[in-house]
Amino acid sequence: MAVNLTSLQVMQDAPVIPVIVLNDVAHAVPMARALLAGGIRMLEITLRTPQALACMEAIANEVEGAVVGAGTVRSPADAAAAVKAGARFAVSPGFTPAVGQACKDLGLPLLPGVASGSEIMMAQEEGYTQLKFFPAMQAGGPAMLKAWSGPFFDVKFCPTGGVTQANAADFLSLPNVACVGGSWLVPADAMAQGDWKRIETLARQASQLPR
Ligand code: 3PG
């Protein structure tokens, strides 16, 4: 794996980028190892809990082969903190030019979130053509992506939000979808119970999705 990733490499590594919420640093390393064992190594740790940065750091330092990313990046400060904690890519729920510029300055590949044509155009103006479609199911699902494939023929998407093992193939079969994102690989109850085998199985099923 190259030292400096591109956002396309992040999207193309596996069919699914897991969206991970960690409340306990002790869960970070075994959870990451389970995902890796199941064939998923691009790991989006969301900046939604006080433990998120420490979890990123633990995975980056201790889990060989894992590529730590930061999710829920909403400000330049989030991006800077994520890089300091070992993040090698970022995902944001929306897009602002300030977050886009901060990630460029940090050399951090970013998948900015969009949900409308105007947002896609704004992200493209800042040089971003690999985008997260969020929230995918709520904002139009596969039909929306089909409609965008005409005017935005040069954009690749990672739909996230309401995507599951059952509907992922509806997205992955579209030519403008490079991968999907979702939290289903890392259920909160499996994490709380330390059921790493279940997480490994979910990751394996996800990594085998056709695209
Ligand atoms: C995200 O945080 O990107 C989404 O909320 C993940 O959505 P999901 O929980 O429906 O997979």
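Overview of the structure. (Residues numbered from 1 in each chain as written. Predicted model: local features only at pLDDT ≥ 70, side-chain atom pairs only at ≥ 80, totals over all residues. Heavy atoms only, no water.)

1. Some details on the pairing of strand β7 (residues 130-133)
Then, number 1: Because side chains alternate across β7, one face comprises the buried residues Gln130 and Lys132, and the other comprises Leu131 and Phe133, equally buried.
Then, number 2: Bridge count between strand β6 (residues 113-114) and β7: two bridges; the pairing is parallel. Each bridged residue has a counterpart across the sheet, and for Val114 the counterpart in β7 is Phe133.
Then, number 3: Each parallel crossover has a hand, and the one from β6 via helix α6 (residues 117-125) to β7 is right-handed.
Then, number 4: Pairing analysis gives four bridges linking β7 to strand β8 (residues 156-159), with the strands arranged parallel. Counted as the bridge partner of Phe133 is Pro159 from β8.
Then, number 5: Taken together, β7, helix α7 (residues 141-148) and β8 constitute a β-α-β crossover, and its handedness is right-handed. (Buried < 20%, exposed > 50% of the residue type's maximum accessible area, 1.4 Å probe, protein only. Helix = DSSP H or I, 4+ residues; strand = E, 2+ residues; numbered from the N terminus. Pairing = 2+ DSSP bridges. Right-handed = clockwise from strand over helix to strand, strands pointing away.)

2. Let's talk about the pairing of strand β1 (residues 16-20)
Then, number 1: Across the five residues of β1, five count as buried, placing the element largely inside the fold.
Then, number 2: Burial along β1 is two-sided: Val16, Pro18 and Ile20 facing one way and Ile17 and Val19 facing the other are all buried.
Then, number 3: Note that β1 and strand β9 (residues 180-182) share three bridges and pair parallel. Residue Pro18 lies in a different strand from β9, and its bridge partner there is Gly182.
Then, number 4: Sheet analysis places β1 next to strand β2 (residues 42-46), joined by two bridges and oriented parallel. The partner of Val19 across the bridge, within β2, is Glu44.

3. Digging into the sheet that holds β2
Then, number 1: Read across the sheet, six strands follow the order β5-β4-β3-β2-β1-β9 without closing on themselves; strand pairing throughout is parallel. Edge positions in the sheet fall to β5 (110-111) and β9, since each has one partner strand and no second.

4. Quick notes on the packing of aromatic side chains
Then, number 1: Here the structure, examined in full by the defined rule, presents three aromatic pairs.
Then, number 2: Ring centres of Phe133 and Trp148 lie 4.8 Å apart, and the angle between their planes is 65 degrees; on these two criteria the pair is classed as edge-to-face. Pair noted here: Phe133 is in strand β7 and Trp148 is in helix α7, with a separation of 15 residues, a long-range link. For the pair Phe133 and Trp148, one class covers both residues: buried.
Then, number 3: Across from the ring centre of Phe134, 4.6 Å away, lies the NZ or CZ of Lys132, which sits over that ring. (Phe/Tyr/Trp six-rings, centres within 6.5 Å; stacked < 30°, edge-to-face > 60°. Lys NZ or Arg CZ within 6 Å of the ring centre and 35° of its normal.)

5. Observations regarding helix α5 (residues 97-106)
Then, number 1: Buried within α5 we find Val99, Gly100, Ala102 and Cys103. Down the axis of α5, the smallest arc covering the buried residues is 165 degrees, so these residues share one side.
Then, number 2: On its buried face, α5 is in contact with α4 (76-84), β4 (89-91) and β5.
Then, number 3: A positive phi of about 70 degrees marks Gly107, the residue just after α5. (Arc of directions from axis to C-beta. Contact = heavy atoms within 4.5 Å.)

Treat this as a map of the structure, not an account of what it does.
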